[in-house]
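Tertiary structure, described
Read off the chains here:
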Amino acid sequence: MNLRELVSALNDFASPALAESWDNVGLLVEPSPPHTVNTLFLTNDLTEEVMEEAVQKKADLVLSYHPPIFTPLKRVTWKTWKERLVVRALENRIGIYSPHTAYDAIPHGVNNWLTKGLGACTSVPLHPSTAPSSPAEGTHRVEFCADAEHLDAVLSKIKDIPEISCLTTFPARAEGEEQTRVSLNCSQKALLEMVALLSQNSLLHHKTEILLLQKPLLPHTGMGRLCTLSEPVSLSVIIERIKGHLQLPHIRVAVGAGRTLESPVKKAALCAGSGSSVLKGTEADLYLTGEMSHHDVLDAVANGISVILCEHSNTERGFLSELRDALAIHLQNKINIIVSEKDRDPLQVA
């Protein structure tokens, strides 16, 4: 497939608009076009060892779940390992694409895969995603009527206000008079300026409607998951299930205050990777994530919530095999898709 065609298909699989605002997702490194992709190479982390593997396996595009370019690069030299990744990629005509938190949010993504380690359960997002394109811009819609005498002057002033969009006018009839109805979208900041402007003319002000533009929630989409098990099981059983699902010999466990390893788990809140900010404040019997700060663990335990930590990328990497199969279907088996054999969590139990 042509690279741009493939990127479009990957964006359809998981819209980059679903990623967190702080994230860096999408096509990060692009070889000069045209660029044909015969082999797509999947990895959780793009390290130098993994890049060498991608070169040896003649990959044309690396899909790295974590973005190898996160903070801006001021230069591209051979000095640091992340700069070297870019050099190696371009020298070998390998593109780099990262989905990261877009894959966390989608219903068929990383967090959904992680729920399978709990056993039979139902789940809902902890922080639901909203439709990214509805509405396209603004937090509020303002509508008002103006007569011909005031219309041009008001429109002129409105155009001087930043963060105004979707400005339209159409004929209207108010109090038996032919007037013009003005409709616009605006930000919270611009709303204050609009109200001040319209308040200067009582005839305009009394015919004003202000609507809050709420984006609809996307079903089964968002950050984290709150899972309700079909049948409560002990914490010790959950531990063994998680170890089996993630194929780990050891995980870290903090038992909630007043609980034991035999205490039942009915509700579990989870978030792949580093989940403190997503899980915080959620009522559950168990928090499952890759890593949390010491003090966040103490808070959870004090509130009677047990915590299971599996190390950051161990809660994500196993998804790659499922992703390979899903992308093969999505891309109609047009390209070869392989999963890295060198990719691994940097931490291990010694």
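Residues numbered from 1 in each chain as written. Predicted model: local features only at pLDDT ≥ 70, side-chain atom pairs only at ≥ 80, totals over all residues. Heavy atoms only, no water.

**Overview of the pairing of strand β13 (residues 286-291)**
Defined as follows: Residue exposure (1.4 Å probe, protein chains only): buried if accessible area is under 20% of the type maximum, exposed if over 50%, otherwise partly exposed. Comment: elements are numbered from the N terminus, with helices defined as DSSP H or I runs of at least four residues and strands as E runs of at least two. When the strands point away from the viewer, a crossover counts as right-handed if the path from the first strand over the helix to the second runs clockwise.
Burial of β13 is extensive: 5 of the 6 residues sit out of reach of the surface. Between the parallel pair β13 and strand β14 (residues 306-309), the chain is carried across by helix α11 (residues 294-302), and the sense of this crossover is right-handed.

**Remarks on the packing of aromatic side chains**
Where we set the bar: Stacked, tilted and edge-to-face pairs are distinguished by plane angle, under 30 degrees for stacked and over 60 for edge-to-face with tilted covering the rest, among Phe, Tyr and Trp rings (Trp via its six-membered ring) whose centres lie within 6.5 Å.
Summed over the entire model, instances satisfying the criterion amount to 3 aromatic pairs. Ring geometry for Phe13 versus Tyr103: centroids 5.8 Å apart, planes at 75°, classification edge-to-face. Pair noted here: Phe13 is in helix α1 (residues 3-13) and Tyr103 is in helix α4 (residues 101-105), with a separation of 90 residues, a long-range link. No difference in accessibility class separates Phe13 from Tyr103, as the two residues are buried.

**Side note on helix α2 (residues 48-56)**
Buried residues of α2: Val50, Met51, Glu53, Ala54 and Val55, and no others. Lys58 sits one or two residues past α2 and shows a positive phi near 55°.

**Observations regarding the UniProt feature "binding site: a divalent metal cation" (unreviewed entry) in the protein chain**
Put simply, the test is: UniProt positions are given in the numbering used here, feature names are shortened, and annotations may be inferred rather than shown by experiment. Every residue pair with non-hydrogen atoms within 4.5 Å of one another is taken to be in contact. Side-chain atoms alone can form a polar contact between residues adjacent in sequence; in general such a contact is a pair of N or O atoms within 3.5 Å, and within protein one must be able to donate a hydrogen while the other accepts it.
Listed under "binding site: a divalent metal cation" (unreviewed entry) in the UniProt record, and renumbered for this structure, are His66, Asp104, His312 and Glu316. For the annotated residues, spread through 251 residues, the largest C-alpha to C-alpha distance comes to 13.5 Å, consistent with a single compact locus. On the secondary structure map, His312 appears in the loop between β14 and α12 (319-330). You can call His312 partly exposed: its relative accessible area is 23%. When near neighbours in sequence (up to four residues on either side) are disregarded, His312 contacts His66, Gly273, Ser274, Gly290, Glu291 and Asp345. A distance of 2.6 Å separates polar atoms of two side chains, one belonging to His312 and the other to Glu291. The residue Glu316 is located in the loop between β14 and α12 in this model. Given a relative accessible area of 2%, Glu316 falls into the buried group. Ignoring sequence-local partners within four residues, the contact set of Glu316 consists of Asn44, Tyr65, His66, Val110, Trp113, Ala272 and Gly273.

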